[in-house]
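Notes for the structure review
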Amino acid sequence: MSVDEVGSGPQDRGVRQEEIWDAEAAESYDTPGTGAFAAEVVGPMVDRLAELAGGGRALEFAIGTGRVAVPLAERGVPVAGIELSAPMIARLRTKVDEATIPVVAGDMAAAVAPGEYTLVYLVYNTIANLLTQAEQVACFHNAARHLTPGGRFVIELWVPDLRRLPPGQRAIVFSSEPGYLGVDTYDVVAQQVVSHHFRFGEDRRARLFRTPHRYIWPAELDLMARLAGFELESRHADWTGAEFTAESGSHVSVYRLPHADTIAASMST
């Protein structure tokens, strides 16, 4: 079987994310009504984010093609975004204009969007696209920079599935279905994983799309938050508020900055 590669993604921590999320990836990213775009997936997420925004403005890091931002804006929440990939922004612009959802082109660990926000959110495991611990810590600091006192930073992230990795084995099949095979390869020393997405039809050819990530344990994520001045407000297994347990495959963690009166009280003692 021959394979055509789409984008970058070898076990190379120097890979550039903007090279991965190119025009071809942006064109194929949206799957309206199915997968990550299904109403039962997006609906609870938008409900929870609208609640957490508390009537204020929301900023999405790695806004992509607007999977979450567009329905959130339709709910009446003012939304802005930061996005590294120009083709993803172009795809978003086929749905809404700049006045409706303004977007700053840049790295979510460093780029600054105008104004202040009550909510910054980062969904679909995307903080793991930052491939070093230093970049991930910087992302928390960047979120704090944009938030008003008492503001929240929400992260949706998978729990590393290393319990399925037998000794001496570096790969796990995470999905197998007609026309698709998903394989993760791990470097447990560097805390790196590359996701390999194989799509194929009836012929002998397959298409391969690979994405590198740095996985983060929940406790490490909490420490990153503390370094940026956040406190963990809640953690659930999903957007509906299911209990987070040792068997949960992912989590939605809500971090909050102290209110102004809390900061003042701590400074006076």
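Residues numbered from 1 in each chain as written. Predicted model: local features only at pLDDT ≥ 70, side-chain atom pairs only at ≥ 80, totals over all residues. Heavy atoms only, no water.

Next up on the list: the overall build of the chain. Helix and strand content of the chain: 8 helices and 12 strands. Across the 269 residues in the chain, those meeting the buried criterion constitute 48%. Carbon and sulfur atoms make up 55% of the accessible area of the chain, which amounts to about 13,000 Å² in all. (Helix = DSSP H or I, 4+ residues; strand = E, 2+ residues; numbered from the N terminus. Buried < 20%, exposed > 50% of the residue type's maximum accessible area, 1.4 Å probe, protein only. Areas by Shrake-Rupley, 256 points an atom, 1.4 Å probe, with all protein chains shown as cover.)

Take the pairing of strand S9 (residues 192-200) next. Moving residue by residue along a regular strand, the side chains alternate between the two faces of the sheet. Across the 9 residues of S9, 7 count as buried, placing the element largely inside the fold. Note: strand S8 (residues 180-187) against S9, 8 bridges, orientation antiparallel. Counterpart to Tyr 180 in the pairing with S9 is Arg 199. Counting the residues in the hairpin turn of S8 and S9 gives 4 residues, including Gln 191, whose phi is positive at 60 degrees. Sheet topology note: the S9/strand S10 (residues 205-214) ladder contains 9 bridges and is antiparallel. (Pairing = 2+ DSSP bridges.)

Let's shift gears to the pattern of salt bridges. Counted according to the given criterion, the structure contains 9 salt bridges. Across the pair Arg 256 and Glu 233 runs a salt bridge whose closest N-O atoms are separated by 2.9 Å. You can see Arg 256 sitting in strand S12 (residues 250-256) and its partner Glu 233 sitting in strand S11 (residues 231-236), a full 23 residues away along the chain. In this structure Arg 256 comes out as partly exposed when scored by relative accessible area, which is 22%. (Salt bridge = Lys/Arg side-chain N within 4 Å of Asp/Glu carboxyl O.)

Grouped together as the largest cluster of nonpolar side chains are 37 residues, with contacts concentrated most on Phe 61, Ile 127, Cys 139, Phe 140, Phe 153 and Phe 230. Of all the elements in the fold, those that place two or more residues in this core are strand S2 (58-61), strand S3 (79-83), strand S5 (117-122), helix H6 (133-146), strand S6 (147-158) and helix H7 (218-227). Aside from chain neighbours lying at most four places away, what touches Phe 153 is Phe 61, Val 120, Tyr 121, Leu 122, Cys 139, Phe 140, Ala 143, Leu 147, Phe 230, Ser 253, Val 254 and Tyr 255. (Core = buried A, V, L, I, M, F, W, Y, C linked by side-chain atoms within 4.5 Å. Contact = heavy atoms within 4.5 Å.)

Right, let's get into unusual backbone geometry. Even without being a glycine, Ala 62 presents a positive backbone phi close to 60 degrees. Its place among the elements puts Ala 62 in the loop between S2 and helix H4 (69-74). For Tyr 124, which is not glycine, the phi torsion reads 60 degrees and is therefore positive. Turning to its location among the elements, Tyr 124 is positioned in the loop between S5 and H6. Classification of Tyr 124 by relative accessible area gives partly exposed; the value is 43%.

Geometric values such as these leave the question of function open.
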